[in-house]
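Fold and geometry: a report
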Amino acid sequence: MNTKLINTKLTLLSSLIIAGGVLTGCGSEPDSSAPDIIINIENPDSGGGDGGGDGGGDLPEISNTDLPLMEDFGASDTAGFFTSAYKALATDAEDGEDGFYYSMAGVFMEDGTVDADGGNWITADPDQKIRLGDARFTIAQTVSSLAGDVADPRKDSTPGDGIDEGLSWGELDLSQDYKISFCVVAVPDAASSSDFQIYVDNNTTSEASSIHGGGNVGSRIFNQPVNTLVPGERVEINIPGDTTLSPGGALVASKPERVGTENSFIAMRVSSGGWTVFDDLLIEHQSDVGNNPQPDCAGKDSNYKLVNPATGGDDNNAPEPEVEGTPFGGLPLTVDLSSDADTLFGEADGADFVSISTNRADPFYKVTSGSSRITIENNALSMNNARFTIGDTGVPSAEATNPSGDIDLTAPYRVSMMITDFSSVDAADPGKFQIYIDNNTTSSGNSVHGGDSKFIELTPDDIDSLPYELVLEPEFGTANSFLQLRADSRVGNITLENIKIEYTDGAPGADAEWVPSTLNLAGESDIAPAGEVTENTAFSVTLNATGGNMSSSNHNFFFASQKIELSDFMFTAQISSVSGADIATGNAYRFGIMATENMDPVADFAELPGWADAGFYVDGDPAALIGSRAQMKPSGSRSRSDIPELEVGDYVRIEIYDDGDDKRVKRYYSKDGIDFVQANSTSDFAATPDSDTWYVGLYAAPGENNITVEFDNISIDPLAP
C-alpha cells in the first residue's frame, strides 16, 4: 500500500463539517443521497508559532488502492455495496465516509433510506451483477478538503480547489497507462438516447468540470449510447489508446493522451432514459494486461428485474418501467376532452395520454394546482381554484429564465375555446379566469414576457351571455412556449369546451424555400456536381443529382440549403425514398442532410470550415445503401464512419451545440420520428462556440449515380442553451 501527500496550498480550519442537504438529480431523476456525511478536518501544523502558513506540517494523506481492481458485484445487498463492510477505502476515514463505492444518485433517498424507485441495484442472480440506469456512482473517491465548501464533497464538487495544481482526491494511481473493461450483460431492447459514461476525477455530469477539462483529452473517457453496447461482449477502454465494444472490435473512440493522476477516482453513469446491466469490472495498468483473466462474457445472462433486496425484506421487484404516452406532434391542437382528468394529465393506469414531444413519459398537460378541483365529463373541462399548463415541461418560470415548453409560437397563432359556464363564489367579489403564456406561476412577472405573460383576465361580469366563444391572437411567443389556464380562488366554476391552439398563417417557416447551389469547395471531381430541386417546400424537398465527390480530399456536392442564425440547434429530416442509386461507388459519394458554417471555396481541404453530415452511400455487390456520418475535424481532416442501422424511410438528425470551450456534434436516427437513437457524439469538430451562423440543408454527391431523393418532415429547431 502506497501513501502520498496532497499539497493543498490551503489553510484548513479545525472544524466538524456536516454535509447533507438535498442533492441534485442525475438526468431527469429526483436525486438521492447517502446518509449524512461527517468530515473531521484537522488543522495542519504550520511549523510556526502564529498558526499561519500554507506549507509544512501534516497534510491530508491518501493511501492508494493497488491495481488491478477486479469487481464482481457480490455484495449481500444493494445498500451494502456502498458501505465499507463490502469494500473500504484504503485511506483513513470517518465512519460513514469510508466506503470505496459512493452513490451519487439512483440508490438512496434524502434521509439515507433506499429509494424504491431508484435505477441502480445489485441483481439477485446467482452470479450477481449491477444494473445502472438514470444513476451514477464513484469508485475510490475519498472525502477531501479539496472539494471546497459544498453540501456533499463527493458529489458535484469537482474540479475543486486543487485545479491549479492538478490535484484530485482518489485512491487509484492512473498516472500510468491503464485499461478499463467490463462485461455487458443486458441493455434495453427498445431504442434509447441514453448514454453509458465513465469519467476520471469528475463527480459531476459535465465533462469539463474536472482538473482534466473536457474535449477529446478531457475527463469523460467513455460515452456510448446504451443501445450500441453488445450483450455477451467485453467493452475495452485503453487510456491512452483505443476503445472498442468487444475485443478486437471496431474502433468507437480513441484517447491520444493519458487522463489521470496518482490520486484519481472513477465515476460511472447511465443518463436518464436508459440502463445497462454489467459485470466483472476490471481496472488495470496496460503493462499488466493479460495477467488478470476474467470470466467469459458470452455465457452471462441476468434476470435483472429481480433486485438483491436492499432492505433484507421481501422487496425484490425492480421499479416498473415508466408509462409512455403519444408525443405531441405540433399545431394545430385541440385538447382531447373525451376521457377524464386522470387520462388528460397522464395519471390513469394503462390509458394513453399526450406527452411532451421529446419525452414520452412526461405528460403534455400538467396540473399546477388544485387537481381535485378539475373534472372532465361530456367533452367539457370544469374547474375552480385550480390551474393547469399545456405543453410545459415543468421548469419553474422566472423573469430571466427562457421557457422550456413544447409549442412553437414564433408564427402568428390563435387560442380559442367555448365558455359554457362561469360563476363566482361571491357575485360581489367576482372570480377571475386567466390565461398565461410562458408562465407556470400565479405572478405575471415570472416570465421572459414580464407582466404581459398574463395575456387575458376575465370575470363573469365581462361576459354578456353563455355560451361565450373566447378567441385570442397574442402577438408574442417563443419556439419553446406553453400556456397556463387558471381559475382563481373566487371562481365558483368555469366550464370550457373545444380548446384549440392553431396557426393563423401557417407553421413557422412554412413559406421558406431551400436555395439550390452547386458547390466545388475543395479538390476536384471526376464528374462535376449537378442537380435540381423538383419539390421545394419548407417541410418537403425532392432533389435530383449526379456527380460530386466527398472524399477525404474533396468537398464538392449539390446543396439545397437555408441560412440560420443559431449557435445551438437540431436539423431533422426523413429520407423517405431513394431511386437511381444503382452503382457501388463507395463512401466518397454520399447524400443526405448537412450543416456547414459557410459555402466558401478553399485552396486546401484542411481549410474547410466546420461541417457535419448524415445519410447514405452505395457500396457492395449487389449494390446497397449504407448509412453514414462524417464531420470536419479541427486537425484539418475529416472523420467518417457507418451507421449500419440506417434505412430508407428513417429520420436522421444533426445536433450542434456549445459544450464548454468546444462545439459538439451529435448524429441520430429514428424509425418513427419520435424515438431517436444516438449514432455518435463528439467534440472533435472544427466548429467553435463562436460559430453561430450555419447553412443547413439536403445534399448529394452521388458520383456516377443519377439519384432522386425525397426528404420529408424537415425541421430546424433551436436547442435550449
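This is a predicted model, so every value here is computed, not measured. Per chain, the residues get numbers from 1 upward, laid out in the order the sequence is written. Residue-level local features of this predicted model are given only where pLDDT is at least 70; pairs of side-chain atoms are given and counted only at 80 or more, and the full residue set underlies all totals for whole chains, interfaces and linings. Neither water nor hydrogens contribute to the side-chain values; these are computed over all heavy atoms in the structure.

Quick look at unusual backbone geometry
Our working definition: The numbering of helices and of strands both runs from the N terminus, where a helix is a DSSP run of H or I of at least 4 residues and a strand a run of E of at least 2.
The step from isoleucine 239 to proline 240 runs through a cis peptide bond, and the omega angle for that step is -5 degrees. Topologically, proline 240 is positioned in the loop between β13 (234–239) and β14 (241–244). Following leucine 331, the chain continues into proline 332 via a peptide bond in cis, with omega recorded as 5 degrees. Backbone geometry places alanine 140, a non-glycine residue, at a positive phi of 70 degrees. The residue alanine 140 is located in the loop between β9 (135–139) and β10 (178–186) in this model.

Details of a negative patch on the surface
Selection rule: Candidate patch residues must exceed 30% relative accessible area and have no salt bridge, after which like charges are joined if within 9 Å and Val, Leu, Ile, Met, Phe, Trp or Tyr side chains if within 5 Å. For the area figures, the Shrake-Rupley method with a 1.4 Å probe applies, and any residue is considered shielded solely by the protein chains shown. By convention in these notes, a salt bridge is any Lys or Arg side-chain nitrogen within 4 Å of a carboxyl oxygen on Asp or Glu. His is not counted, nor are the chain ends, whereas Lys and Arg count as positive and Asp and Glu as negative. We put the charge of a Lys on NZ, of an Arg on CZ, of an Asp on CG and of a Glu on CD. In this scheme, a residue with accessible area under 20% of its type's maximum is buried, one over 50% is exposed, and one in between is partly exposed, where area comes from a 1.4 Å probe on protein chains only.
Taken together, the side chains of Asp340, Asp342, Glu347 and Asp349 define an acidic patch exposed on the protein surface. Of note, aspartate 349 is situated in the loop between α2 (341–344) and β20 (354–356). Note on aspartate 349: relative accessible area 81%, which makes it exposed.

Structural notes on the state of the cysteines
We count it as follows: Put simply, a disulfide is two cysteine sulfurs that come within 2.5 Å.
Applying the stated criterion across every chain yields a total of one disulfide. Here cysteine 183 pairs with cysteine 297 through a disulfide, and the sulfurs are 1.8 Å apart. Sign of the S-S torsion, about -70 degrees for the bond between cysteine 183 and cysteine 297, identifies this disulfide as left-handed. Separated by 114 residues along the polypeptide, cysteine 183 in strand β10 and cysteine 297 in the loop between β17 (276–285) and β18 (326–327) bring together distant segments of the chain. A residue is classified by how much of its surface remains accessible, and cysteine 183, at 0% relative accessible area, is buried. Owing to a relative accessible area of 6%, cysteine 297 belongs among the buried residues under this scheme.

What to know about the sheet that holds strand β27 (residues 433–437)
Our working definition: Should DSSP find at least two bridges between two strands, the strands are regarded as paired. Working convention: axes come from line fits to C-alpha atoms, limited for helices to the stretch in contact. Angles between N-to-C directions cover 0 to 180 degrees.
Taken together, five strands build an open sheet; the order of strands is β22-β25-β30-β27-β28 and the sheet is antiparallel. Bordering the open sheet on either side are β22 (365–369) and β28 (454–458), each of which pairs with just one other strand. Going from strand to strand, the sheet's axes swing by 15 degrees on average, the running direction of each strand aside. Bridge count between strand β25 (residues 386–390) and strand β30 (residues 483–487): five bridges; the pairing is antiparallel. Looking across to β30, one finds that isoleucine 390 is bridged to leucine 483.

As for the sheet that holds strand β12 (residues 220–225)
Strand order in the open sheet formed by five strands is β6-β9-β16-β11-β12, with antiparallel pairing between adjacent strands. Both edges of this open sheet fall to β6 (101–105) and β12, since each of them pairs with a single strand only. On average, each strand axis in the sheet is inclined to that of its neighbour by 15 degrees, with strand direction left out of account. One ladder, built from five bridges, connects strand β11 (residues 195–200) with β12; its direction is antiparallel. In the strand pairing of β12, tyrosine 199 is matched with arginine 220.

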